[in-house]
Amino acid sequence: MKSSTSITLVLVSTLGLSACKETNDTHKKNVYLRSDTSASYTRTHSSRGYHAFVPYGTFLGNRYQRAGYYSEGIRHTSNVGSNSFKQNASRGGFGSSAFRSSSS
Amino acid sequence: MIRTNINPRDNWQQKIESLGFSFHTFEKPYWDESVYYSFTLAEIETIESATNKVWDLCLEAVQYIIDQKLYNRFHIPEWIVPHIENSWNSDAPSIYGRMDFTFKDGIPKLLEFNADTPTSLLESSVVQWFWLKDVFPDQDQFNSIHEKLIKYWKYLIPYMHNYPMHFTTISEFPEDLITTEYMRDCAIQAGISTKFIDTRQIGWDEEEMIFYDEEQSYIKNVFKLYPYEWLINEEFGSKIIKDKNKTCWIEPSWKMLLSNKAILPILWKLFPECQNLLPSFFESDNHTLSNTFVKKPLLSREGANITIMEHGNIIAKSQGEYGSEGYILQEFCALPNMENNYPLIGSWLIGQQAAGIGIRESLSLITDDTTRFVPHIIE
């Protein structure tokens, strides 16, 4: 055989997990997510099977000021929490080229 | 290699979306299961063997480039050279790459090597595998990418810092995000603790000279789906060599030598007897090529800025914004014409082994970002 004998996905597809198995494993995994460390976890309720975390924030001059992430797959309370910008490190020093050129 | 039309599965969109493959359609379908390719086992073994062979030659070529200090031919800045050499000499872990071959008359010919940030991984590894199980459950496919990824992540654990692996890309780009998250999926299954961070959120503390994530945790291992030629030319690029943690970057910086098209004339110079290579030269060296050749920028992506010349005339050309670093010339070896479709074989290398193929089919001789991914079987 030149192909994989079985394929299981644990992250990319969550709600589609049972369809990703060749086995008869019917155990459903509950996936708990949050998009901010100050938020509580909630069980996912995405209908897409994939929980994309999209960053949001603003650019101040050439600097990106991160406000946080959100995902359509989890509840509002787990997206927001009590996030405040509290980093010592500077950010935004990587990533600018992607918006000047096409990606890979 | 035979091209066959076939009816797509009912609800194919839903089926592949359940695998996390959300970017299957742009203006036209990118995933195209109205067609498939079939190969004989002998053909697959030829592609497999060529991939392993060219990989061995690539490793020899990297050592040659380092020994001869040929970095100027790659337009690699001097300040990053010690990092490249250190990553090579310390066997810094590399996990994957995709060699693009034209497969004509039974011989795979290397067109280029996507050694740093190859995409089309999820569709090659997962999506076409589930298509096979649905449509041809008794047939085989050259595709053990998923198994080999998990196995190789496990193998790499001792080479990494004993710390979580951060996975980073630009999260607005669905293809890049999902490819990165798929890699992370495999790493999780290998038992590695992981985090995702958007590339723009990587933090740098100038006093401590350490990279941080958003939770003020060290970044000591990074899988990046973000090309080195961008990374090193950005504001934090120079921090990579100042980094006190000596972060483990995957792919390692020595892969910059293989992802640059300058590797093609180097390979040809060293191994002209290899039937899987095409005659290639630096444009600046004024070599005489055959009447038909391809002009490629040292650094370009998605088939941009490629020109095919025949008897002094342009027969195909793609637009783009690359080429300032210079060009290489490669003897033209056309993709096979399959009912006016031109398939390109993307042969995956996982760890040190050929692991499977993905086929991208275009309507022109230049494979660009509008090509369609089509599945395959072994008869």
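In this convention, every chain numbers its residues from 1, walking through the sequence in written order. For naming, the first written chain is A and the first written ligand is 1, with later ones following in the order written. Predicted model: local features are reported for residues with pLDDT of at least 70 only, side-chain atom pairs are reported and counted for 80 or more only, and whole-chain, interface and lining totals are derived from all residues. By convention in this description, side-chain values take in all heavy atoms of the structure and omit both hydrogens and water.

Asker: Is there a simple way to think about the overall build of chain A in this case?
Answerer: Looking only at helices and strands, one finds 1 helix and 5 strands in chain A. In chain A, which comprises 104 residues, the proportion classed as buried is 43%. Expressed as a percentage of contacts within chain A between residues at least 6 apart in sequence, the contacts between residues at least 24 apart total 42%. Per the convention used, a helix needs a DSSP run of H or I reaching at least four residues, while a strand needs a run of E reaching at least two, with both numbered from the N terminus. Any residue under 20% of the maximum accessible area for its type is buried, any over 50% is exposed, and the rest in between are partly exposed; the area is computed with a 1.4 Å probe on protein chains only. What makes two residues a contact is simply this: any of their non-hydrogen atoms within 4.5 Å.

Asker: What is the right way to read the overall build of chain B from this model?
Answerer: Along its length, chain B carries 10 helices and 19 strands. Relative to the 2.2 N^0.38 estimate, which gives 21 Å for 379 residues, the radius of gyration of chain B is 20 Å and therefore close to what a compact globule would have. If you line up chain B on its principal axes, its C-alpha atoms span 60 × 55 × 35 Å. Per-residue burial for chain B yields a buried fraction of 64% across its 379 residues. The globule rule used for comparison is 2.2 Å times the number of residues to the exponent 0.38, while the radius of gyration itself is calculated over C-alpha atoms.

Asker: Hey, could you run me through the packing of aromatic side chains in this one?
Answerer: Any pair of aromatic rings gets described here by the distance separating the centres and the angle formed by the planes. All names here are of chain B. Between rings of Phe, Tyr and Trp, where Trp is taken as its six-membered ring, a pair exists when centres lie within 6.5 Å; planes separated by under 30 degrees are stacked, by over 60 edge-to-face, and by other angles tilted. Here the structure, examined in full by the defined rule, presents 30 aromatic pairs over all chains. Measuring from centroid to centroid gives 5.4 Å for Phe167 and Phe223, while their planes differ by 35 degrees, and the two rings are tilted. With Phe167 in strand 5 (residues 165–169) and Phe223 in strand 9 (residues 221–224), this pair connects stretches of sequence that are 56 residues apart. Under the relative-accessibility criterion, Phe167 is labelled buried at 0%. Exposure remark for Phe223: the relative accessible area of 1% places this residue in the buried category. Through pairs of rings, three or more aromatic residues link up here, namely Phe21, Phe23, Phe26, Tyr30, Trp31 and Phe373. Remark: a charge is flagged as sitting over a ring if the NZ atom of Lys or the CZ atom of Arg is within 6 Å of the ring centre and within 35 degrees of the ring normal. If you follow Lys220 out to its NZ or CZ, it ends over the ring of Tyr163, 5.3 Å from the centre. Seen from the ring of Tyr327, Lys295 lies directly overhead, with NZ or CZ sitting 4.5 Å from the centre.

Asker: Any chance you could explain the pairing of strand 6 (residues 194–198) of chain B here in plain terms?
Answerer: If a strand is regular, its side chains alternate between the two faces of the sheet. Residue and element names in this part refer to chain B. With 4 of 5 residues buried, strand 6 lies mostly within the body of the structure. When DSSP locates at least two bridges between a pair of strands, those strands are taken to pair. Alignment of strand 5 against strand 6, held across 5 bridges, turns out to be parallel. Counterpart to Thr169 in the pairing with strand 6 is Asp198. A clockwise path from the first strand over the helix to the second, with the strands pointing away from the viewer, defines a right-handed crossover. Between the parallel elements strand 5 and strand 6, the chain passes through helix 6 (residues 174–189) in a crossover that is right-handed.

Asker: Sorry if this is basic, but what is going on with the interface of chain B and chain A here?
Answerer: A common way to report how large an interface is uses the accessible area buried once the components associate. Of the residues lining the interface, 68 residues belong to chain B; the matching set on chain A comes to 45 residues. Buried area is calculated as the accessible area (1.4 Å probe) missing from two parts once they are joined, with the contributions of both summed. With both sides pooled, the region where chain B packs onto chain A buries about 5000 Å², and carbon together with sulfur makes up 55% of that total. The salt bridge criterion pairs a side-chain nitrogen of Lys or Arg with a carboxyl oxygen of Asp or Glu, the two atoms within 4 Å. Where chain B touches chain A, the interface holds 1 salt bridge. The salt bridge involving B:Glu48 is made with A:Lys2; its shortest N-O contact spans 2.6 Å. Pairs of N or O atoms within 3.5 Å make up the polar contacts considered here, provided that, within protein, one atom can donate a hydrogen while the other can accept it, and that residues adjacent in sequence are counted only when both atoms are side-chain atoms. For the pair chain B and chain A, the interface holds 26 residue pairs in polar contact (both at pLDDT 80 or more). The set of elements that each furnish at least two residues to the side of chain B that touches chain A consists of helix 2 (41–68), helix 4 (121–135), helix 5 (145–156), helix 6, strand 6, strand 7 (203–205), strand 8 (210–212) and helix 7 (228–231) of chain B. Per-element tally for the side of chain B that touches chain A: the top contributor is helix 6 of chain B, with 10 residues. In the side of chain B that touches chain A, the residues fall into 28 nonpolar, 17 polar and 23 charged. Side-chain classes follow a simple rule in which Ala, Val, Leu, Ile, Met, Phe, Trp, Tyr, Cys and Pro form the nonpolar group, Asp, Glu, Lys and Arg form the charged group, and the remainder, Gly included, forms the polar group.

Asker: How do you make sense of helix 6 of chain B when you look at a structure like this?
Answerer: Each α-helix winds once per 3.6 residues, and so residues spaced three or four apart point in a common direction. Helix span, as expected, comes to 1.5 Å for every residue beyond the first. Look at helix 6 of chain B: 22 Å from first C-alpha to last across 16 residues, which is about the 22 Å you get at 1.5 Å a residue. Downstream of helix 6 of chain B by a residue or two, B:Gly191 has a phi angle that is positive, lying close to 90 degrees.

Asker: What is the right way to look at the packing of helix 4 of chain B against helix 5 of chain B in this model?
Answerer: Helix packing geometry: the angle between the two helix axes and the distance between the axes. All names here are of chain B. In the contact formed by helix 4 and helix 5, the axes pass within 8 Å of each other and the chain directions differ by 115 degrees. Between helix 4 and helix 5, the angle is such that the two are roughly perpendicular. When helix 4 is examined against helix 5, the residues Leu121, Ser124, Ser125 and Val126 are found in contact with a partner set consisting of Ile145, His146 and Leu149. Split by residue class, the contact of helix 4 with helix 5 holds 4 nonpolar, 3 polar and no charged. Angles run from 0 to 180 degrees between N-to-C directions of axes, and those axes are lines fitted to C-alpha atoms, restricted for helices to the stretch in contact. Should an angle fall under 35 degrees it is taken as roughly parallel, and over 145 as roughly antiparallel, whereas 65 to 115 is taken as roughly perpendicular and any remaining angle as oblique.

Asker: What's the story with the side chain of B:Thr102 in this structure? I'm lost.
Answerer: Residues and elements named next belong to chain B. Here Thr102 shows up in strand 3 (residues 96–104). Its relative accessible area of 0% is what places Thr102 among the buried residues. Discounting chain neighbours no more than four positions away, the residues touching Thr102 are Ile107, Pro108, Lys109, Leu111, Cys333, Ala334, Leu335 and Pro336.

Asker: In this structure, what is going on with the pattern of salt bridges? I would like to understand it.
Answerer: Here the idea is simple: oppositely charged side chains can pair when their charged atoms come close. Residues and elements named next belong to chain B. Under the definition given, this model contains 20 salt bridges over all chains. For Arg372, the salt bridge is made with Asp32, and the minimal N-O distance between the two is 3.0 Å. Of this pair, Arg372 sits in strand 18 (residues 372–374) while Asp32 sits in the loop between helix 1 (12–17) and strand 2 (35–39), and the two are 340 residues apart along the sequence. Both residues of the pair, Arg372 and Asp32, belong to the buried class. A salt bridge links Arg200 to Asp198, with the nearest nitrogen and oxygen atoms 2.8 Å apart. For Arg200, a relative accessible area of 4% puts it in the buried group. Residue classification places Asp198 among the buried positions, given a relative accessible area of 0%.

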